[in-house]
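# Remarks on the overall topology
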Amino acid sequence: MQKRYNDLVASINQWDYEYYVLDNPTVSDAQYDQSFRELLAIEAGHPELTSPESPSQRVGAKPINEFQKIGHSVKMLSLANAFSLEETYSFFEKAAKELDRSPESLTLFSEPKLDGLAISIHYDHGLFSYAATRGDGQVGEDVSHNIKTIKSVPLKLASNPPPKKLDVRGEVFMPKAAFEKLNLVAQQNDSKRFVNPRNAAAGTIRQMNPKIAAERDLQFIPYGIGEYEGDTEFKTHSQIIAYLAASGFRKNLHCYEFSGSYDAFAKNYRIMEQARAKLPMEIDGIVYKINELALQTTLGFIARSPLWAVARKFPPQQVVTQLLAVDFQVGRTGVLTPVARLAPVFVGGVTVSNATLHNRDEIERLGLCIGDDIEIHRAGDVIPKVVKVVTQGTDRKPIIMPGRCPVCDAAIERAVGQAAFRCTGGLSCAAQAAEHIRHYASRKFMNITNLGSKLIELLYSKGSIKSIADIYTLKLCDIADLEGHGEKSAQNVLDSIEASKTTKLGTFIGALGIPEVGEEGAKAIARHFKNYPAIVAASVDDIMQVPDIGPVMAKNVVDFFNDAKNRAVIAKIIAAGVTWQDGQGEAAQEKVLAGQTWVLTGTLSMPRNGAKAILERLGAKVAGSVSKKTSCVVAGQDAGSKLDKAESLGVKIIDEAAFLRMFVDVAK
Ligand code: IVH
């Protein structure tokens, strides 16, 4: 058992190293997951075996209550800045003079200046001990709980024999792709977006709960060491960098060694300017360091920065271009985002032709009109920002928020006190549908385990599912015919749909994706109203009686259920057999139509069987022909002889819209 456990720890750590440090995965997700599960099972059965270097220890930490102060045994320095080639060269001219050398005779080491935050990570006999922020350089804060979650930070150093003590200094940052993903999710949830990857990384490291950091894809790249007690003798900075890579850390990309001539600095800058746009992380300059450690020691430092290193900062990336048009994109929660279409312009190494404008308040704040010359800023931010109007266009046109959704044509509304304009199309808006479906099927809500995001996207793009109700009409061939799927996996999907059909009222309400109504809000509403019809019938005032539910959420709930299209989707879901426990326990569906006979005729927008199922679930018998005994006829489009007969017999007739309303009313 011990041997198997050790092997699992070593294998998973090696796989993490290959994936997160070398960017070169060597095992399938399935094998990785299986081994991880086995490891967790052993640890659950034999907690005494759990090793500090086990990958399970990365997110094992409990949320902290406050940040502990930690003193740095070796001060964490900052860097002097240089803003031009001349300033950079003259910095090393001075250093060379101090050393009685020519700048050309010095070996320089250049590294990208990563735009994140400085962290010191301590290893004790090769094992992760703690990690701290820079703070004021002398005292930082203990952020071990979050740093441990970063998979490119080894829990155990690979160096053999391990040093007695090692303090690794480096930068924690969020790669551009992770930042974009995070902000996309924030936009979908209408929560606050981060301004740039550095803020996102800093905000993440300041979290008390390590679970958040674990979900956010931070990276760590070392650029030096503080305290060190070990057998290796370092003569140069490049040896330290190589040692850290051999110890299991990521390597900074585009590091160069060169002799310190003016031309060499110029050439290096040109290379880095080119490389910048293609790097997976934001960099805000280049750090130049004298490579020889003995020379570094001779030069020392003043105040907070060394005299052997300087940061050449990139200039702010600002350009002026013309605003050609503004389009409105509908996000997956229906929020409209204005997007500036620009005359293409080269900034920060890339050609930019779009910029986000966030919302109408932002447009008003900027006083922006189409045709204006505007300043665009690209620093840290991956998506360029409109900074200000530089010159008003001669033929400038105001930017008007559309009154109807550009995707589904439903009305656009703005909730009181909110910046966002939203499409009211709800479940029937195509822009929102795929995300609605993903939200609905997710583990937190309907928990349709085999219907993941990728499959939903695929089925949606093929037109097999257009709304959440279509999940229940999926056929084996809809899935089995997709690339990468077969009959067996398709059957698994259908089985998991079937298995998910019994849920709880709060979970179902949450699954509907009503704007602002999250998991907790939905549960609170379910607890308060106890059953579905009561929620559907509730007014804004009624809903505001629920603890923690404000007017915006209450209005969204009412609007959602007032929308006949949404009710039709829900009716189909119920007809497909989805049931739930109400707020108190099992909801015995009241048979309010017991003893009645209903007839369906004409074309209905929902499947005939769906309407039949609704009626039957409420206790009615559904007949094929109209007689004096018929309680009610639901007449769809182009209803013919049955409708005539019902009219002649004086039987109650309702159209489909009334039927849907009534289903709700009747069920009350
Ligand atoms: S060396 C004594 N190298 O820049 C030398 N710093 O503006 C200390 N930074 O606090 C720093 N990339 O957080 C160094 N390759 C790099 C860096 C780097 C980013 C950050 C670091 C430092 C800040 C100074």
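You'll find the structure just up there.
What this report covers is the structure whose coordinates are included nearby.

Thresholds applied
- Residues numbered from 1 in each chain as written.
- Predicted model: local features only at pLDDT ≥ 70, side-chain atom pairs only at ≥ 80, totals over all residues.
- Heavy atoms only, no water.
- Helix = DSSP H or I, 4+ residues; strand = E, 2+ residues; numbered from the N terminus.
- Buried < 20%, exposed > 50% of the residue type's maximum accessible area, 1.4 Å probe, protein only.
- Phe/Tyr/Trp six-rings, centres within 6.5 Å; stacked < 30°, edge-to-face > 60°.
- Salt bridge = Lys/Arg side-chain N within 4 Å of Asp/Glu carboxyl O.
- Near = heavy atom within 4 Å.
- Polar contact = N/O pair within 3.5 Å; in protein donor to acceptor, adjacent residues only side chain to side chain.
- Areas by Shrake-Rupley, 256 points an atom, 1.4 Å probe, with all protein chains shown as cover.
- Nonpolar A, V, L, I, M, F, W, Y, C, P; charged D, E, K, R; others polar.
- Contact = heavy atoms within 4.5 Å.
- Arc of directions from axis to C-beta.
- Axes fitted to C-alpha atoms, helices over the stretch in contact; angles between N-to-C directions.
- Parallel < 35°, antiparallel > 145°, perpendicular 65-115°, else oblique.
- Left-handed = near helix turned anticlockwise from the far one by under 90°.
- Pairing = 2+ DSSP bridges.

### Focus: the environment of Glu 483
Here Glu 483 shows up in the loop between α14 (476-480) and α15 (487-499). The class for Glu 483 is exposed, based on a relative accessible area of 80%. It is 9.4 Å that separates the C-alpha atoms of Glu 483 and Leu 458, two residues lying 25 residues apart in sequence.

### What to know about the packing of aromatic side chains
If you walk through the whole model with that rule in mind, you get 24 aromatic pairs. On the basis of an interplanar angle of 85° and a centroid distance of 5.2 Å, the ring pair of Phe 560 and Phe 561 is categorised as edge-to-face. With a relative accessible area of 6%, Phe 560 lands in the buried category. Ring pairs connect the aromatic residues Tyr 89, Phe 91, Phe 92, Phe 258, Tyr 262, Phe 265 and Tyr 288, which therefore count as one cluster.

### With respect to the pattern of salt bridges
Enumeration according to the criterion identifies 27 salt bridges in this entry. Put simply, Lys 69 and Glu 141 hold a salt bridge, and the shortest N to O gap is 3.3 Å. Of this pair, Lys 69 sits in strand β1 (residues 69-71) while Glu 141 sits in strand β6 (residues 139-141), and the two are 72 residues apart along the sequence. For Asp 361, the salt bridge is made with Arg 414, and the minimal N-O distance between the two is 2.7 Å.

### Regarding the site of the ligand
What surrounds the ligand is a group of 14 residues, the closest being Glu 111, Leu 114, Glu 171, Tyr 223 and Lys 289. Take Glu 111: an N or O atom from its side chain is 2.6 Å from a nitrogen atom of the ligand. With respect to the ligand, the side chain of Glu 171 contributes an N or O atom lying 2.5 Å from an oxygen atom. Taken by itself the ligand offers 530 Å² of open surface, and the protein chains cover 88% of this. Going through the elements one at a time, β3 (107-114) and β10 (283-290) are the ones with two or more residues in the shell around the ligand. Residue composition of the shell around the ligand, grouped by class: 9 nonpolar, 1 polar and 4 charged.

### Some words on unusual backbone geometry
As a rule of thumb, non-glycine residues mostly have phi less than zero, and peptide bonds are mostly trans rather than cis. In this model, Asn 160 is joined to Pro 161 through a cis peptide bond whose omega is 0°. Unlike most non-glycine residues, Asp 23 shows phi in positive territory, near 55°. Mapping Asp 23 onto the fold places it in the loop between α1 (2-21) and α2 (29-45). The backbone of His 125 shows a phi angle near 50°, a positive value even though the residue is not glycine.

### Let's talk about the environment of Leu 357
Mapping Leu 357 onto the fold places it in the loop between β16 (350-356) and α11 (360-366). We classify Leu 357 as buried; its relative accessible area is 0%. Sequence separation of Leu 357 and Val 319 is 38 residues, and the distance between their C-alpha atoms is 16 Å. Non-local contacts of Leu 357, meaning those with residues more than four positions away in its chain, are made with Val 326, Pro 338, Ala 340, Glu 362, Ile 363, Leu 366, Leu 368 and Val 386.

### Let's talk about helix α13 (residues 453-461)
Where α13 is concerned, the buried positions are Leu 455, Ile 456 and Leu 459. Along α13, the residues classed as buried sweep out an arc of 100° about the axis, all on the same side. Opposite the buried face of α13, by more than 90 degrees, sit the exposed residues Lys 454 and Ser 461. One or two steps after α13, the chain reaches Gly 463, where phi turns positive at roughly 85°.

### Some details on the packing of α1 against α2
Geometrically, a packed helix pair is captured by the angle between its two axes and the distance between the axes. α2 packs onto α1 with a crossing angle of 140° between their chain directions and a minimal axis gap of 10 Å. Our classification of the angle between α1 and α2 gives oblique. Handedness of the crossing formed by α1 with α2: left-handed. From α1, Arg 4, Tyr 5, Leu 8, Val 9, Ile 12, Trp 15 and Asp 16 reach across to α2, where they touch Gln 31, Tyr 32, Ser 35, Phe 36, Glu 38, Leu 39, Ile 42 and Glu 43. Residues of the contact of α1 with α2, tallied by class, amount to 9 nonpolar, 2 polar and 4 charged.

### Points about the sheet that holds strand β9 (residues 256-259)
An order of β2-β13-β10-β3-β9 is seen for the 5 strands of this open sheet, with the pairing classed as mixed. What marks the edges here is a single partner per strand, and that holds for β2 (80-82) and β9. Averaged over all neighbouring strand pairs, the angle between strand axes comes to 35°, with direction disregarded. Alignment of β3 against β10, held across 7 bridges, turns out to be antiparallel. Across the sheet, residue Lys 113 finds its bridge partner in β10, namely Gly 285. The sheet strands contacting helix α8 (residues 237-246) are β3, β9 and β10, and the helix crosses β3 at an angle near 45°. Helix-sheet contacts for helix α9 (residues 262-276) involve β3, β9, β10 and β13 (309-313), and the interaxial angle to β10 is about 150°.

### Overview of the sheet that holds strand β25 (residues 597-601)
Here we have 4 strands laid out as an open sheet, ordered β26-β25-β27-β28, and parallel in their pairing. Edge positions in the sheet fall to β26 (621-623) and β28 (652-655), since each has one partner strand and no second. Ignoring strand direction, the axes of neighbouring strands in this sheet form an average angle of 30°. Here β25 pairs with β26 via 3 bridges, running parallel. Considered in β26, the bridge of Thr 597 is made with Lys 621. Across the sheet, helix α22 (residues 608-617) touches β25 and β26, and the angle it forms with β25 is around 165°.

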